[in-house]
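Results of the structural survey
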Amino acid sequence: MATALRVRDAINSRNRIAVVVGLGCGLRQGEVFGLSPEDIDYERGILHVRRQVQAIHGRLYFALPKGKKVRAVNMPRAVAEELRRHIEACPPVVVELPWGKPDGERKKVSLLLTTRFGNAVAVNTWNTYTWKPALAKAGVIPPRAAGAKSWQWAAAPKDGFHVLRHTYASIMLEAGESVVTLARWLGHSSPAITLGYYAHFMPEAGSKGRGTLDGLLGERVDRPASRDSPDSPQPR
């Protein structure tokens, strides 16, 4: 968590909201880039995940979230406040892209996060010129080598944007959130998938049930059963 917050504070102000939403709501990277102000329900504290920005051979397009399912995610107050500040500082821009595939029918969407030129954000470009410089500034990866090109950074497969999503999931589980609820927020097709990824973040799993059974059975364990008691072994 501390590392994620360092990256949040190291990234440039325009892109800070991407880290906040990834860490605070568990969205995938493309889903963050596809967010619109119309997806924010401040009153109910919900963020609607309705689209993502994808790319094939450098050609950007809108698509449904992974699994082709839209979803609603719980939105913490801190995230809502950051969204308000971001929208005030960086007004949303209407972007037109194909829908479903690079040559699909074009659709206009007001996006929360765009490039400084008003275009949709390309994942690979953002990772190279925004994410990795923030990682280096936060001390997560080494600084760019002397004389290296602006795109030449150390490989960081374990420190990609997905780390924010994993951090979000681990925090939710350690706080006792339902696996079923978390699976829905993450957009997993089944809670079993969520468990497969994150069960090791549930160190106290089973302790509540164990404690309850100890309480129910303890009296009987401590009190010897009489011969006539239904709890005592009966002759056959």
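Coordinates for the structure precede this section.
Quantities reported herein were computed from a predicted structural model and do not represent experimental measurements.

1. Some points on the nonpolar core
- One finds Val21, Leu27, Leu47, Leu83 and Trp131 to be the most contacted residues of the largest nonpolar core, which totals 53 residues.
- Examining the composition of this core, we find that 7 residues originate from one element, helix H2 (residues 16-25), more than from any other.
- Leaving out residues up to four positions away in the same chain, Leu47 has contacts with Val21, Cys25, Leu27, Leu35, Asp39, Ile40, Arg71, Ala72, Val73, Met75 and Leu83.

2. Here's the deal with the environment of Gly118
- Examined against the element boundaries, Gly118 turns out to sit in the loop between strand E7 (106-111) and helix H5 (123-137).
- We classify Gly118 as partly exposed; its relative accessible area is 22%.
- With 24 residues separating them along the chain, Gly118 and Val94 place their C-alpha atoms 8.1 Å apart.
- Every residue in contact with Gly118, bar those within four places of it in the chain, is listed here: Val93 and Val95.

3. As for unusual backbone geometry
- The backbone phi angle of His57 is positive, close to 55 degrees, even though this residue is not glycine.
- One can find His57 in the loop between strand E3 (52-56) and strand E4 (59-63).
- With phi around 60 degrees, Lys68 is a residue other than glycine that occupies positive phi space.
- Mapped onto the elements of the fold, Lys68 is located in the loop between E4 and strand E5 (71-74).
- Of the residues examined, Lys68 reaches a relative accessible area of 69% and is grouped as exposed.

Definitions and limits used
- Residues numbered from 1 in each chain as written.
- Predicted model: local features only at pLDDT ≥ 70, side-chain atom pairs only at ≥ 80, totals over all residues.
- Heavy atoms only, no water.
- Core = buried A, V, L, I, M, F, W, Y, C linked by side-chain atoms within 4.5 Å.
- Buried < 20%, exposed > 50% of the residue type's maximum accessible area, 1.4 Å probe, protein only.
- Helix = DSSP H or I, 4+ residues; strand = E, 2+ residues; numbered from the N terminus.
- Contact = heavy atoms within 4.5 Å.

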